[in-house]
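Read off the chains here:
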Amino acid sequence: MHDVTDGLIDVHHHAIPPTYRAALGDRVAIPGVDYPTWSPEASLEVMDRHSIAAAVLSVTAPGVTFAQGAEARRLAREVNEYYAALIAEHPARFGAFAILPLPDVAAAKDELTYAIDELGLDGVGLLTSYGNRYLGDPEFEPLLAEIADRGLPVHVHPGTPPAKDVATFDLPPSLYDFTFETTRTVVDLLFSGTLERLPHLKLIVSHAGGTLPFLAQRLTYGPTIGKYLTERAPKDVVGALRGLYYDIAMSANRFALPALTELAAPDRILFGSDFPFMPAAHTTENVEGFGTYAGWNAEQRTAIGRENALKLFPRLAGK
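I will try to describe carefully the structure that is included in this document. (Residues numbered from 1 in each chain as written. Predicted model: local features only at pLDDT ≥ 70, side-chain atom pairs only at ≥ 80, totals over all residues. Heavy atoms only, no water.)

## Section: empty space enclosed by the protein
Rolled over the atoms, a probe with the dimensions of a water molecule shows which regions are left empty.
Part 1 of the reasoning: Per the counting criterion, the structure on display carries one cavity of 30 Å³ or more.
Part 2 of the reasoning: For the largest cavity, the calculated volume is near 140 Å³.
Part 3 of the reasoning: For the largest cavity, the lining is made up of 16 residues, of which Val59, Ile99, Gly125, Leu126 and Leu127 are closest to its centre.
Part 4 of the reasoning: Broken down by secondary-structure element, the contributors of at least two residues to the lining of the largest cavity are β3 (94–99), β4 (123–127) and β7 (153–157). (1 Å grid on protein atoms, 1.4 Å probe; cavity = no way out; pocket = protein on both sides within 12 Å on 5 of 7 lines; lining within 4 Å. Points joined across faces, edges and corners; volume = space filled by probe spheres on them. Helix = DSSP H or I, 4+ residues; strand = E, 2+ residues; numbered from the N terminus.)

## Digging into a nonpolar patch on the surface
Part 1 of the reasoning: Taken together, the side chains of Phe169, Leu171 and Leu175 present a nonpolar region at the surface, about 310 Å² in accessible area.
Part 2 of the reasoning: Using a relative accessible area of 59% as the deciding quantity, one classes Leu175 as exposed. (Patch = residues over 30% accessible without salt bridge, like charges linked within 9 Å, V, L, I, M, F, W, Y side chains within 5 Å. Areas by Shrake-Rupley, 256 points an atom, 1.4 Å probe, with all protein chains shown as cover. Salt bridge = Lys/Arg side-chain N within 4 Å of Asp/Glu carboxyl O. Buried < 20%, exposed > 50% of the residue type's maximum accessible area, 1.4 Å probe, protein only.)

## Points about the layout of surface pockets
Part 1 of the reasoning: By volume, the second largest pocket is sized at about 300 Å³.
Part 2 of the reasoning: Residue lining of the second largest pocket: 17 residues in total, with Thr179, His207, Gly210, Met250 and Ser251 positioned closest to the centre.
Part 3 of the reasoning: Residue assignment for the lining of the second largest pocket shows that the elements contributing at least two residues are α6 (173–191), α8 (212–215) and α11 (256–263).
Part 4 of the reasoning: Per element, the largest residue contribution to the lining of the second largest pocket is four residues, and it comes from α6.
Part 5 of the reasoning: Broken down by class, the residue content of the lining of the second largest pocket amounts to 10 nonpolar, seven polar and no charged. (Nonpolar A, V, L, I, M, F, W, Y, C, P; charged D, E, K, R; others polar.)

Nothing here speaks to function; it is geometry throughout.
Written out as structure tokens, the structure is:
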């Protein structure tokens, strides 16, 4: 096992509790995506092989949105309790983002209290949208405000777009559309004013921010394109984007990293693997891409691989 005092911290690492897999049943979780098998042992084996000291676990799309009412609340509770038990068994190796039974905000706030105050989970995992509403919708702001007030990191993972894609594409949304979903929800948070009202919200966006690095300058042109946006546009779009955290799951490559590093400072970038929805071979690829990218010096690489995450998740410092 790699020394947990100097290995990578993986903030984009999925876990599929048995209770969750059973509840999902034969439903299609993400259209066109082969649903993987998972076990804690599989994660630990991949982590050890790639010098990953700890992983912060989360459930990916569709979360518990396929369930309704009491069933959704029960399933979220069971997943969070599973994570807490796994952390108790491997406290130096695993953290977890609590799953919340959204879009029911009242139930989500209740589960947030239980998952953080009683179970001691490390942060919150959200999807980019729930139903037809993205995270900038006013209904979600009280929940985001409570998360911000608690100082909790919140990992935002894309899901299948609410609007259906062109039928003839016949491609999995995770192949390309997930990146746009991340962009959509962040743009919604920008132009709704949510990020300005909650400047201390510790938001981690997936996959190098989707298309945000490429679109950052374009997003400053809102009032130029439509004068009605003059009052809604953030005072500093690029500054707000630079205030987010970005994981590099599926993105530690020569195409994505140069754009990301133009937008985000090294203290805002975090390592991620996307295991097991991306297989162990991709973890190898992402670790190698992270380790060989010429745009970072040794100190910056240490920050991105480990130290930035430990500031968000101090429990994983192993001290």
